[in-house]
Amino acid sequence: MNTQNILMMGAYPQWDMEDLEQRYTLFKVWEADDRDALIASAASSVRAIATRGELGASAELMSKLPNLEIVSCYGVGTDAIDLAYAKSRGIRVTNTPDVLTGDVADIAIGLSLAIARQIREGHDYVLSGQWAKANMGLVTRFFGKKVGIAGMGRVGAATAKRAAGFDCEIRYFDTQARDDLPWDFEPDLKALAAWSDFLIVTIAGGPSTFGIINADVLAALGPDSYLINVSRGTTVDEPALLEALENKVIRGAALDVFHNEPRIDPRFLALPNALLQPHHASGTVETRKAMGQLVRDNLAAHFAGKPLITPVV
Ligand code: 8YV
């Protein structure tokens, strides 16, 4: 008999679901017609929440689960989990760092290349038959350009390493310089934006970075430069970004993350200078398998009374 009850906030791939179904009793919030009724019916028996980066676990949700012991997050970002509340109740939290770093950095570079070289437009150009009439217009180079990285964590460092392979000049903004890295630290985000041809945002989400890419930063970035965001939608002041794109204050933006995912602001859809992705930077089979394994291993370790593999400190 399954004795451990887990509240799941969103679906995982089928290979994770099958394994979890075998080991635990799952309460699937996303399948419930009445989400509150499901949570109420499971409340006293639930010992774990399995969630995803963008879905998190609020204090309000956790407060309904008196026997909650652990929140296991499929994703590295814990900004949607109320960590302070979890700590106050001794609820443990795990995430999936490292395993997704390479994929997110790949997409940061892929988006930079795609928006500057206009890869999507080139594809459309071929499909539409325009090529037969005239050659496509000239585009912008990526290699050798100035790449500013906002947030020199794991993903920032992996992105910088890749950009260095493209002979880019690299500078970065963060709360402090990192002695272990060869790139120049720029403590002023506006100054970094003014210097950058590509400003790549890899900073963690949360209250301290909310809207950090604001109208001033975008104005400093300027009409010849691009914004790339693979962090969280919340790190960008979205109304300011929409205005900057509409008025060509910046050259363009390539975005994997937004406010109000997946129902993003429809103004994005009308922008020829925005390249949009469905929050899919870590969405490769390889990485998602590793993420799911880590979520399951953390849950198993917790229920076996063993040390957690990737606790959030
Ligand atoms: C995932 C993420 O897309 O790691 C994160 O914080 O946002 C992403 O890797 C997400 O957690 C999966 O739904």
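This text goes with the structure placed above it.
Conventions we followed
- Residues numbered from 1 in each chain as written.
- Predicted model: local features only at pLDDT ≥ 70, side-chain atom pairs only at ≥ 80, totals over all residues.
- Heavy atoms only, no water.
- Near = heavy atom within 4 Å.
- Polar contact = N/O pair within 3.5 Å; in protein donor to acceptor, adjacent residues only side chain to side chain.
- Areas by Shrake-Rupley, 256 points an atom, 1.4 Å probe, with all protein chains shown as cover.
- Nonpolar A, V, L, I, M, F, W, Y, C, P; charged D, E, K, R; others polar.
- Axes fitted to C-alpha atoms, helices over the stretch in contact; angles between N-to-C directions.
- Helix = DSSP H or I, 4+ residues; strand = E, 2+ residues; numbered from the N terminus.
- Parallel < 35°, antiparallel > 145°, perpendicular 65-115°, else oblique.
- Left-handed = near helix turned anticlockwise from the far one by under 90°.
- Contact = heavy atoms within 4.5 Å.
- Core = buried A, V, L, I, M, F, W, Y, C linked by side-chain atoms within 4.5 Å.
- Buried < 20%, exposed > 50% of the residue type's maximum accessible area, 1.4 Å probe, protein only.
- Domains from an automatic or database assignment.
- Pairing = 2+ DSSP bridges.
- Salt bridge = Lys/Arg side-chain N within 4 Å of Asp/Glu carboxyl O.
- Phe/Tyr/Trp six-rings, centres within 6.5 Å; stacked < 30°, edge-to-face > 60°.
- Lys NZ or Arg CZ within 6 Å of the ring centre and 35° of its normal.

## A word on the site of the ligand
In step 1: If you check the shell around the ligand, you find 13 residues, and the closest are Tyr-74, Val-76, Gly-77, Arg-232 and His-279.
In step 2: The contact in question runs from an oxygen atom of the ligand to an N or O atom on the backbone of Gly-53, over 2.9 Å.
In step 3: Contact with the protein chains removes 93% of the 330 Å² of surface that the ligand exposes when unbound.
In step 4: Looking at the shell around the ligand residue by residue, the classes come out as four nonpolar, five polar and four charged.

## A word on the packing of helix α5 (residues 101-117) against helix α7 (residues 154-165)
In step 1: Packing of α5 against α7 brings their axes to within 8 Å, and their N-to-C directions diverge by 50 degrees. On the basis of the axis angle, α5 is oblique to α7. Once α5 is placed against α7, the crossing between them reads as right-handed. Every residue of α7 that contacts α5 at Thr-101, Gly-102, Val-104, Ala-105, Asp-106, Ala-108 and Ile-109 is listed here: Arg-154, Val-155, Ala-158, Thr-159, Arg-162 and Ala-163.
In step 2: Residues that form the contact of α5 with α7 fall into these classes: seven nonpolar, three polar and three charged.

## Brief notes about the nonpolar core
In step 1: Residues Ile-6, Met-8, Tyr-12, Val-147, Met-152, Ile-228 and Leu-299 are the most contacted members of the largest nonpolar core, which totals 45 residues.
In step 2: By residue number, the principal contributor to this core is α5, which donates seven residues.
In step 3: Counting the residues that make up this core, at least three belong to each of domain 1 (5-99 + 286-303) and domain 2 (101-276).
In step 4: Not counting chain neighbours up to four residues away, the residues in contact with Val-147 comprise Phe-142, Ala-163, Cys-168, Glu-169, Ile-170, Arg-171, Trp-195, Ser-196, Phe-198 and Ile-200.

## Thoughts on helix α1 (residues 14-23)
In step 1: For α1, the full list of buried residues reads Asp-16, Met-17, Asp-19 and Leu-20.
In step 2: The inward-facing, buried residues of α1 abut β1 (5-8), β2 (25-28), β4 (70-74) and α11 (285-303).

## Describing the sheet that holds strand β6 (residues 146-150)
In step 1: Judged by pairing direction, the sheet is parallel, and its seven strands sit side by side in the order β8-β7-β6-β9-β10-β11-β12 without closing on themselves. The open sheet terminates on both sides in strands that have one partner only, identified here as β8 (184-185) and β12 (274-276).
In step 2: Alignment of strand β9 (residues 198-201) against strand β10 (residues 226-229), held across four bridges, turns out to be parallel. Bridge pairing links Phe-198 to Tyr-226 in β10.
In step 3: The strands touched by α5 are β9, β10, β11 (252-255) and β12; relative to β10, the strand with the most contacts, the crossing angle is about 150 degrees.
In step 4: Relative to the sheet, helix α10 (residues 238-246) contacts β10, β11 and β12, its axis offset from that of β11 by approximately 135 degrees.

## Quick notes on the pattern of salt bridges
In step 1: For the structure on display, the rule yields 13 salt bridges.
In step 2: In this structure, Arg-52 engages Glu-54 in a salt bridge whose closest nitrogen and oxygen atoms are separated by 3.0 Å.
In step 3: Glu-54 sits in the partly exposed class, given a relative accessible area of 38%.
In step 4: Between Asp-79 and Arg-232 there is a salt bridge, with its nearest N and O atoms 3.0 Å apart.

## Considerations on the packing of aromatic side chains
In step 1: What the rule picks out here adds up to seven aromatic pairs.
In step 2: Consider the rings of Phe-142 and Phe-166, whose centres lie 5.3 Å apart with planes at 65 degrees: the pair is edge-to-face. Highlighted residues: Phe-142 in the loop between α6 (119-127) and β6 and Phe-166 in the loop between α7 and β7 (169-173), separated in sequence by 24 residues.
In step 3: On the basis of relative accessible area, Phe-142 is assigned to the buried category, the value being 2%.
In step 4: For Phe-166, a relative accessible area of 29% translates into the label partly exposed.
In step 5: Look at Phe-142 and Phe-198: their rings are 5.0 Å apart centre to centre, the planes differ by 85 degrees, and that puts the pair in the edge-to-face class. Linking Phe-142 in the loop between α6 and β6 with Phe-198 in strand β9, this pair joins segments that are 56 residues apart in sequence. As far as burial versus exposure is concerned, Phe-142 and Phe-198 are alike and both buried.
In step 6: These aromatic residues form a ring-pair network of at least three members: Phe-142, Phe-166, Phe-198 and Tyr-226.
In step 7: Sitting above the plane of the Trp-15 ring, Lys-289 keeps its charged end 4.5 Å from the centroid.

## Let's talk about the side chain of Thr-202
In step 1: Turning to its location among the elements, Thr-202 is positioned in the loop between β9 and α9 (215-221).
In step 2: A polar side-chain atom of Thr-202 sits 2.5 Å from the main-chain carbonyl oxygen of Gly-151.
In step 3: Setting aside its immediate chain neighbours within four residues, Thr-202 contacts Ile-149, Ala-150, Gly-151, Val-155, Gly-156, Thr-159, Val-230 and Ser-231.

## Description of the packing of α1 against α11
In step 1: The contact between α1 and α11 brings their axes to 9 Å, and the two run at 20 degrees. Accordingly, the angle class assigned to the pair α1 and α11 is roughly parallel. The two elements α1 and α11 cross, and the hand of that crossing is right-handed. Contact residues: α1 offers Trp-15, Asp-16, Asp-19 and Leu-20, while α11 offers Val-285, Arg-288, Lys-289, Gly-292, Gln-293, Arg-296 and Leu-299.
In step 2: In the contact of α1 with α11, the residues fall into four nonpolar, two polar and five charged.

Interpretation note: all reported values are geometric properties and have no functional meaning in isolation.
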